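# Observations on the three-dimensional arrangement
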Amino acid sequence: QSTWSGVPQGPPDAILGITEAFKKDPSGEKINLGVGAYRDDKGKPTAEQQVVQQNMDKEYAGITGVPDFGSAAALLAYGPDSAPLKEGRIAMTQSISGTGALRIGGAFLHRFFPGAKAIYIPTPSWANHKAVFSDSGLEVKQYRYYNKDTIGLDFDGMVEDIKKMPKGSMILLHACAHNPTGVDPTEQQWRSISDAVKEGGHYPFFDMAYQGFASGDTDKDAFALRHFIKEGHQPCLAQSFAKNMGLYGERVGAFSVVTASPEEKARVDSQVKILVRPLYSNPPVHGARIASTILKDPALNKQWLGEVKGMADRIIEMRALLKENLEKLGSKHSWNHITDQIGMFAYTGLNAEQMTKLAEEHSVYATKDGRISVAGITSQNVGRLAEAIYKVKG
Ligand code: PMP
């Protein structure tokens with residue numbers, strides 16, 4: 001009897017399965033809209049060259065990572081006018097991209113959050129949120145977010161659910177470019193959400209995996225986080241540089257906690273270190289050096305901000321083209337949601353059966369929930385994509 005004979009076969013990862021099916025398809029016109037990956041990185045190789053030319057050592061970073069990176073990441077997220085940043089009361093640690101930031105956050109909240117060890121996430125949310133937080137020991141609950149009738153935000157349901165949560169609950173918020181729906185609250189709606197969170201005495205955890213990707217402007221995309229802070233919340237934050245810097249495999253991210261004072265920050269810092277040390281000792285240095293070079297070198301920073309804007313604009317343009325093509329074909333449905341939504345993903349409103357047809361009959365691959373990665377749409381394939389959607393949905 002083998003030691004592992006009792007290990008059951010786990011289900012395959014939904015998104016990797018799509019890539020496999022896509023690879024097997026012999027069609028010359030196949031389109032993969034499953035994975036969210038975008039690359040248009042002219043600035044990154046320059047920054048990487050600079051890092052390589054400096055011939056830096058490969059010594060360990062400290063437990064909380066490359067210090068220059070941490071300060072630059074905090075500045076990008078919280079902004080130069082941020083009171084907690086200026087007052088030195090943000091505890092910051094480099095992390096293994098956004099996922100690692102969420103995981104450290106989950107562990108920190110599990111160990112130190114004074115209230116109930118449960119976190120509310122939107123319905124739906126990034127598929128990994130539930131696993132990350134439950135593996136951290138937190139109970140995962142949900143609040144209403146997406147309205148499938150309007151293919152938009154269920155704002156009333158969301159606020160109602162926030163008001164119904166037990167006082168002092170933890171709530172996860174997507175800072176911008178909600179994954180998987182592409183549906184974000186407006187600035188006005190964010191103000192009301194902040195009020196509701198405050199009224200309940202809840203604790204906000206922002207996940208910001210796409211800063212810059214939604215509007216093309218990194219400050220605008222940080223509106224929710226910065227507004228909450230102005231309103232007196234002390235959130236924690238997971239940042240990822242995978243998408244906005246094209247550093248996917250380098251795993252560059254950060255976890256930070258806004259605290260009440262530098263003294264409190266020092267205590268939080270000490271405990272984050274105690275959490276990280278037995279997990280992975282210290283994070284990798286190369287990607288963080290690239291990111292901090294991009295953030296700190298004025299010329300490279302300017303170039304990068306331009307590229308981020310270029311990425312966001314291209315995505316916005318592809319949304320418009322897809323909608324236009326569907327309307328030209330005479331679709332009887334409204335496709336306004338495609339252009340109302342924002343960020344890398346669009347929720348088409350197609351059901352699982354229609355998505356299966358898209359793959360089997362039209363070689364268009366995406367997740368069964370109807371989510372498509374707009375990053376995979378090009379001016380070359382958008383016509384064919386619209387036709388396929390039209391044939392499947394009408
Ligand atoms: N949060 C959300 C909402 C995401 O979409 C992603 C990336 N798919 C992440 C976090 C983290 O990704 P990574 O670990 O690659 O930074």
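Residues numbered from 1 in each chain as written. Predicted model: local features only at pLDDT ≥ 70, side-chain atom pairs only at ≥ 80, totals over all residues.

Remark: helix 8 (residues 187–199) packs on helix 10 (residues 223–230), axes separated minimally by 10 Å, with the N-to-C direction vectors making an angle of 40°. Classified by the interaxial angle, the pair formed by helix 8 and helix 10 is oblique. For the element pair helix 8 and helix 10, the recorded crossing hand is right-handed. Taken together, the residues of helix 10 that come into contact with helix 8 (itself represented by Glu-187, Trp-190, Arg-191 and Ser-194) are Phe-223, Ala-224, His-227 and Phe-228. (Axes fitted to C-alpha atoms, helices over the stretch in contact; angles between N-to-C directions. Helix = DSSP H or I, 4+ residues; strand = E, 2+ residues; numbered from the N terminus. Parallel < 35°, antiparallel > 145°, perpendicular 65-115°, else oblique. Left-handed = near helix turned anticlockwise from the far one by under 90°. Contact = placed C-beta atoms within 7 Å.)

A separate point is the confidence of the model for the protein. In this model, the protein carries a mean pLDDT of 94, and residues with pLDDT of at least 70 account for 98%. Both scores are available for the predicted complex, with the pTM at 0.94 and the ipTM at 0.99. (pLDDT = per-residue confidence, 0-100.)

Before going further, it helps to spend a moment on the site of the ligand. Surveying the vicinity of the ligand reveals the residues Gly-36, Ser-97, Gly-98, Thr-99, Trp-126, His-174, Asn-179, Asp-207, Ala-209, Ser-240, Ala-242 and Gly-253. Here the shell around the ligand gets three residues from one element, more than from any other, and that element is helix 5 (residues 97–112). Residue classes in the shell around the ligand are distributed as three nonpolar, eight polar and one charged. (Near = placed C-beta within 6 Å. Nonpolar A, V, L, I, M, F, W, Y, C, P; charged D, E, K, R; others polar.)

The next thing to look at is the packing of helix 5 against helix 6 (residues 127–135). Interhelical geometry of helix 5 versus helix 6 gives an angle of 35° and a closest axis separation of 9 Å. Regarding helix 5 and helix 6, the two cross each other, and that crossing is right-handed. Here Thr-99, Leu-102, Arg-103 and Gly-106 of helix 5 lie close against helix 6, whose contacting residues are Asn-128, Val-132 and Phe-133. Looking at the contact of helix 5 with helix 6, its residues break down into three nonpolar, three polar and one charged.

Here we take up helix 13 (residues 298–328). Along its 31 residues, helix 13 runs 45 Å from first to last C-alpha, staying within 8% of the 45 Å computed at 1.5 Å per residue. Of the residues making up helix 13, those classed as buried are Trp-304, Glu-307, Val-308, Met-311, Ala-312, Ile-315, Met-318, Arg-319, Leu-322, Lys-323 and Leu-326. In the stretch just after helix 13, Gly-330 is the one whose phi turns positive, near 90°. (Expected span 1.5 Å × (residues − 1). Buried ≥ 20, exposed ≤ 12 C-beta atoms within 10 Å, placed from the backbone.)

Once that is clear, we can look at the sheet that holds strand 9 (residues 236–240). The seven strands are arranged 2-10-9-8-7-3-4 in an open sheet whose pairing can be described as mixed. If you trace the sheet from one side to the other, it starts and ends with strand 2 (90–96) and strand 4 (139–144), each paired once. Taken over all neighbouring pairs, the strand axes of this sheet differ in orientation by 25° on average, direction set aside. Lying over the sheet, helix 7 (residues 155–164) contacts strand 4 and strand 7 (170–174), oriented at roughly 135° with respect to strand 4. Helix 11 (residues 262–280) rests against strand 2 and strand 10 (252–258) of the sheet, and its axis sits at about 15° to strand 2. (Pairing = 2+ DSSP bridges.)

Once that is clear, we can look at the pairing of strand 10. The element strand 10 is extensively covered by neighbouring structure, given that seven of its seven residues are classed as buried. Direction of pairing for strand 2 relative to strand 10: antiparallel, over a ladder of seven bridges. If you follow Thr-93 over to strand 10, its bridge partner there is Phe-255. In this sheet, strand 10 lies alongside strand 9 in antiparallel orientation, the contact comprising five bridges. Looking at the pairing, Cys-236 lines up with Val-257 of strand 10.

Glancing now at helix 8. The terminal C-alpha atoms of helix 8, which comprises 13 residues, lie 18 Å apart, in line with the 18 Å expected from a rise of 1.5 Å per residue. Within the span of helix 8, buried status applies to Trp-190, Ile-193, Ser-194 and Val-197. Down the axis of helix 8, the sector holding all buried residues measures 105°, keeping them to one side. Facing away from the buried side of helix 8 by more than 90 degrees, the exposed set consists of Gln-188 and Glu-199. For helix 8, the secondary structure elements touched by its buried residues are helix 7, strand 7, strand 8 (203–208) and helix 10. (Arc of directions from axis to C-beta.)

Grouped together as the largest cluster of nonpolar side chains are 114 residues, with contacts concentrated most on Ala-77, Met-208, Leu-225, Ala-291, Val-364, Val-374 and Leu-385. The greatest single-element share of this core, amounting to eight residues, is contributed by helix 13. When sequence neighbours within four positions are dropped, the list of residues in contact with Leu-385 reads Ile-31, Leu-322, Val-364 and Ile-377. (Core = buried A, V, L, I, M, F, W, Y, C linked by C-beta atoms within 7 Å.)

Further remarks concern the pairing of strand 7. Within strand 7, five of the five residues are buried, which leaves it mostly tucked inside the rest of the structure. Burial along strand 7 is two-sided: Met-170, Leu-172 and His-174 and Ile-171 and Leu-173, pointing in opposite directions, are all buried. In terms of strand pairing, strand 7 meets strand 8 through five bridges, oriented parallel. Each residue of the ladder has a partner; that of His-174, found in strand 8, is Asp-207.

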